[in-house]
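Next come the chains, spelled out residue by residue.
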There are 2 protein chains.
Amino acid sequence: MTVEPQRGRAPSIRDVARLAGVSHQTVSRVLNHHPSIRPETKQRVLDVIADMQYKPNRAARALVTSRSRTIGILSASSTQYGPASSIAAIEEAARASGYWVSTANIESSDARSIADGLAHLAAQGIEGLVVIAPQVRVFDTLAQLSIDVPYVSLQSTGRDPDHALSVDQIAGARTATRHLIEQGHRSIYHLAGPQDWIEAEARMRGFLEEMSAQDVPTTAPILGDWTADFGYHAGRELLTVRDFTAIFASNDQMALGLMHAIRDAGLEIPRDISIIGFDDIPEAAHFWPPLTTVRQDFAELGRRCVALLLGDLDPAAPDYRGTITPELVVRGTTGAPAF
Amino acid sequence: MTVEPQRGRAPSIRDVARLAGVSHQTVSRVLNHHPSIRPETKQRVLDVIADMQYKPNRAARALVTSRSRTIGILSASSTQYGPASSIAAIEEAARASGYWVSTANIESSDARSIADGLAHLAAQGIEGLVVIAPQVRVFDTLAQLSIDVPYVSLQSTGRDPDHALSVDQIAGARTATRHLIEQGHRSIYHLAGPQDWIEAEARMRGFLEEMSAQDVPTTAPILGDWTADFGYHAGRELLTVRDFTAIFASNDQMALGLMHAIRDAGLEIPRDISIIGFDDIPEAAHFWPPLTTVRQDFAELGRRCVALLLGDLDPAAPDYRGTITPELVVRGTTGAPAF
DNA sequence: TTTCGGCATGTTCACGGTCACACACGCCGG
DNA sequence: CCGGCGTGTGTGACCGTGAACATGCCGAAA
């Protein structure tokens, strides 16, 4: 009977050591690129590693270093294009830096599910947190649970610049609003996102700022929930009065719903009513008419997000903050108002 | 100097034990719901746990049990509604069962990125794998990397029933096709998804089966890439000849692109050409006209997926396989052909 | 009464890495 | 000629948890 190389159990650093004729510590040094290893020793160890298909045990490493190398994402409405794109980009960037990503999706954004999601991530020992959710409540909860990890939210409030990316949502919203005003609109509604989403708030603020800067009288924004269904129903409601010529929707889905309602009412876009969206989802170019909107680079957002987090974790990581300014994409849903 | 309760380091099971006046193993038993613990001892331990805000160390537990309680998701095009919904549902179901979810999104689906993604997940010690990607290639790669974990793919090929959910894509596609035929269409194109996606293949097969069952002559399906852009360009191409009265698109986005191309050509839907999609994304009801499509319950899919995986991992988990049959949703894009 | 089995709990060890320290060797400067 | 230092390597402890085994006690069966 020969001494089988530990059948049934994955090879450990000590198995590698034995076969390479070195100590387990030497193997560890090879794995961690320790400088003082003789090249031939290193090669021998690497050969054995390849040979045995040795894979380091993450749990063991995490235990002793007390570093999980995991980033958590708390996300609401992750089925939407924007969040989903950012998540994908975050995951990719994290992976490139040797981090893992674990997600907790919350369906409703009540305090309870937020707490559940955060607790779940915390139990995993995440080293950093990305929040794509109603952020106001999340931060409160974070404090309550005394979870203490670096975190980043995808949008800037202005009040917490260290933990947020300066995607200039306000500028984007102002651009959208200005576009409508420049077309000659004076009665413009804003269909905003949920109140406790910071990006919704920022876009709303941009809208209001531009309106007042241009001396156009404003009505109170309508608070929506990001869905096309909501846009549709809000549109039906608004059309019973029809005291406007344009609507700025806080995302493309709600814009789509609005368009549906407007057509249902027998009106034409943009002849009767102009619509502008926000995000530039890939489908927006194929709506009828193709949607004028504001393009956001969600992927870039995700990437910077990780860079920001890793800046806290690994001082080596490149720090490239800076403002991403969304870009107006004029298509077919905006035009001069009819009189 | 008093003996401070280990400032700086998170409390461990032993800290709890010391304060509760028991051994660390007793604490461990409380945590793992071991039956023979005196209720009062248990309570005392639980009190101390709550008091110290003790959180079990996942890495240590994973190390000793050699169970990571992590499910990996390999996903391509996770920004699309379908995959994103399933991912969210998988995550939620896994969380409910005490599992974590780690994702690897791959942008391109070449062998290299698939291998990278899988290696990344494998390095994490995942216990199960969900594949939402071009599955044919993934399974080959899985074997090549000699990664041996239970896996589930979101769609059934028929040939691998243990590792797939029986969402009856074929039946769904047949229903869609039959709907068109019943409306009187005899020249029907199929705009399929990418060839190596099993769901694309299944829908294509359903289309072909129904066409031949009803004795309608068939042309070769066009292989697309799921995007609205592709649908648009394919539509323009097809309209140069215009030897058809209906198109069955393998997903709603491509259907949207087709609709755009058709309208660009000055034609009307469904008067001139009928369109049917697949998935029923939330926006589909608000397209113009609202899209007739086949509804898939992505969330249910995700949930069953986890149940299936956990069936392999935890014999206790409820096993509810069974076929989910997609459902036809008739809206405004299909009608009788004009002659 | 004695033995035995089960309950409640404690003791020790193992998991697979990393870290602190020790050690052997060769080289260089005082 | 010897001590110190840098290089390459080995030894043992330790991270936090759970499993195996041990222990003491109590009640039921022999």
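The structure presented is a predicted model; accordingly, all values stated were derived computationally and were not measured.

Caption draft 1: Layout of the relation of the copies chain A and chain B. When chain A is fitted onto chain B, the two copies agree to an RMSD of 0.2 Å after a turn of 180° and an axial shift of 0.1 Å. What we have between these two chains is a two-fold relation. An overlap of 100% is found between the interface residues of chain A and their copies at the interface of chain B, pointing to a shared contact surface.

Caption draft 2: Just the interface of chain A and chain B, in detail. Each partner contributes to the interface: chain A provides 48 residues, whereas chain B provides 48 residues. On inspection of chain A and its partner chain B, the count reaches zero salt bridges. At the junction of chain A and chain B, the tally comes to 14 residue pairs in polar contact (both at pLDDT 80 or more). A total of eight residues in the side of chain A that touches chain B trace back to one element, the largest contributor, which is helix α5 (residues 81-96) of chain A.

Caption draft 3: View of the protein's contact with DNA strand C. For DNA strand C, the set of nearby residues contains 29 residues, the closest of which are I13 and S28 of chain A together with T26, R29 and T41 of chain B. When the atoms of DNA strand C within 4 Å of the protein are grouped by moiety, sugar and phosphate amount to 57% of the total. In this structure, H24 of chain B approaches DNA strand C through a side-chain N or O atom, which is 3.4 Å from a base oxygen. Secondary-structure elements contributing two or more residues to the surface near DNA strand C are α1 (13-20), α2 (24-31) and α4 (58-65) of chain A together with α2 (24-31) and α4 (58-65) of chain B. Take the surface near DNA strand C: its biggest share by element is five residues, from α4 of chain A.

Caption draft 4: Local environment of the protein's contact with DNA strand D. Neighbouring DNA strand D are 28 residues; T26 of chain A together with I13, R14, Y54 and R61 of chain B lie closest to it. Considering the 4 Å shell around the protein, atoms of DNA strand D inside it are sugar or phosphate in 53% of instances. Within the side chain of H24 of chain A, one N or O atom sits 3.2 Å away from a base oxygen of DNA strand D. T41 of chain A places a side-chain nitrogen or oxygen 2.6 Å from a phosphate oxygen of DNA strand D. With five residues, α4 of chain B is the single largest residue contributor to the surface near DNA strand D. Broken down by class, the residue content of the surface near DNA strand D amounts to ten nonpolar, 13 polar and five charged.

Caption draft 5: View of the domain arrangement of chain A. Taken as a whole, chain A is organised into domain 1 (13-56), domain 2 (65-167 + 299-313) and domain 3 (169-296). Taking only C-alpha atoms, the centre of domain 1 of chain A and the centre of domain 2 of chain A are 36 Å apart.

Caption draft 6: Up close: the packing of α2 of chain B against helix α3 (residues 39-52) of chain B. All names here are of chain B. Viewed as axis vectors pointing N to C, α2 and α3 meet at an angle of 90°, and their least axial separation amounts to 10 Å. On the basis of their axis angle, the class for α2 and α3 is roughly perpendicular. Along the contact surface, α2 presents T26, V27, V30 and L31, while α3 presents T41, K42, V45, L46 and I49. Among the residues making up the contact of α2 with α3, the classes are represented as six nonpolar, two polar and one charged.

Caption draft 7: Representation of the environment of Q135 of chain B. Residue and element names in this part refer to chain B. With respect to the helices and strands, Q135 occurs in helix α7 (residues 135-144). You can call Q135 buried: its relative accessible area is 0%. In the structure, Q135 is positioned 17 residues away from V152 in sequence and 10 Å away in space, judged by C-alpha atoms.

Caption draft 8: Region of interest: the pairing of strand β5 (residues 188-192) of chain A. All names here are of chain A. Summarising burial for β5: five of the five residues are buried, a large majority. Here β5 shows two buried faces, one formed by I188, H190 and A192 and the other by Y189 and L191. Assessed by its sense of winding, the connection that carries the chain from β5 through helix α9 (residues 198-213) to strand β6 (residues 222-223) is right-handed.

Caption draft 9: Molecular detail of α1 of chain A. Residues of α1 of chain A that are buried include every one of D15, V16, A17 and A20 of chain A, and no others. Lining the buried residues of α1 of chain A we find α2 and α3 (39-52) of chain A.

Caption draft 10: Focus on the sheet that holds strand β6 (residues 222-223) of chain B. One open sheet accounts for four strands, arranged β6-β5-β7-β8 (chain B); its pairing is parallel. Sheet topology places β6 and β8 (274-276) of chain B at the edges, where each strand pairs with a single neighbour.

Caption draft 11: A look at the packing of aromatic side chains. Residues and elements named next belong to chain A. Within this structure, the stated rule accounts for twelve aromatic pairs over all chains. Aromatic side chains F139 and Y151 sit 4.9 Å apart centroid to centroid with 40° between the ring planes, which places their arrangement in the tilted category. Remark: Y151 occurs in strand β4 (residues 151-153) and F139 occurs in helix α7 (residues 135-144); sequence separation between them is twelve residues. The class of Y151 is buried, set by a relative accessible area of 17%. Chaining the aromatic ring pairs together yields one cluster made of F207, F248 and F278.

Caption draft 12: Layout of helix α5 (residues 81-96) of chain B. Residue and element names in this part refer to chain B. An ideal rise of 1.5 Å per residue puts 22 Å on 16 residues; α5 measures up with 23 Å between its terminal C-alpha atoms. Burial within α5 is extensive, with 13 of its 16 residues counted as buried. One or two residues past the end of α5 sits G98, with phi positive at roughly 80°.

Caption draft 13: Quick look at the nonpolar core. Formed by 86 residues in total, the largest nonpolar core has its most connected members in L74, L129 and I275 of chain A together with L74, L129 and I275 of chain B. Every residue in contact with L74 of chain B, bar those within four places of it in the chain, is listed here: A104, I106, I114, G117, L118, L121, L129, V130, V131, I132, A133 and V138 of chain B.

Caption draft 14: Highlighting the sheet that holds β6 of chain A. Residue and element names in this part refer to chain A. Taken in spatial order, the four strands make up an open sheet running β6-β5-β7-β8, and their pairing is parallel. Of all strands in the sheet, those bounded by a partner on one side alone are β6 and β8 (274-276). Against the sheet, helix α10 (residues 228-239) engages β5, β6 and β7 (246-249), with an angle of about 150° to β5.

Caption draft 15: Representation of the side chain of D280 of chain A within the structure. Counting through the fold element by element, D280 of chain A comes out in the loop between β8 and β9 (293-295). Among all residues touching D280 of chain A, those that are not within four sequence positions of it are Y81, D252, T293, V294, R295, V329 and R331 of chain A.

Rules used in this analysis
- Residues numbered from 1 in each chain as written.
- Chains lettered and ligands numbered in written order.
- Predicted model: local features only at pLDDT ≥ 70, side-chain atom pairs only at ≥ 80, totals over all residues.
- Heavy atoms only, no water.
- Least-squares fit on C-alpha atoms with pLDDT ≥ 70 in both.
- Contact = heavy atoms within 4.5 Å.
- Salt bridge = Lys/Arg side-chain N within 4 Å of Asp/Glu carboxyl O.
- Polar contact = N/O pair within 3.5 Å; in protein donor to acceptor, adjacent residues only side chain to side chain.
- Helix = DSSP H or I, 4+ residues; strand = E, 2+ residues; numbered from the N terminus.
- Near = heavy atom within 4 Å.
- Nonpolar A, V, L, I, M, F, W, Y, C, P; charged D, E, K, R; others polar.
- Domains from an automatic or database assignment.
- Axes fitted to C-alpha atoms, helices over the stretch in contact; angles between N-to-C directions.
- Parallel < 35°, antiparallel > 145°, perpendicular 65-115°, else oblique.
- Buried < 20%, exposed > 50% of the residue type's maximum accessible area, 1.4 Å probe, protein only.
- Right-handed = clockwise from strand over helix to strand, strands pointing away.
- Pairing = 2+ DSSP bridges.
- Phe/Tyr/Trp six-rings, centres within 6.5 Å; stacked < 30°, edge-to-face > 60°.
- Expected span 1.5 Å × (residues − 1).
- Core = buried A, V, L, I, M, F, W, Y, C linked by side-chain atoms within 4.5 Å.

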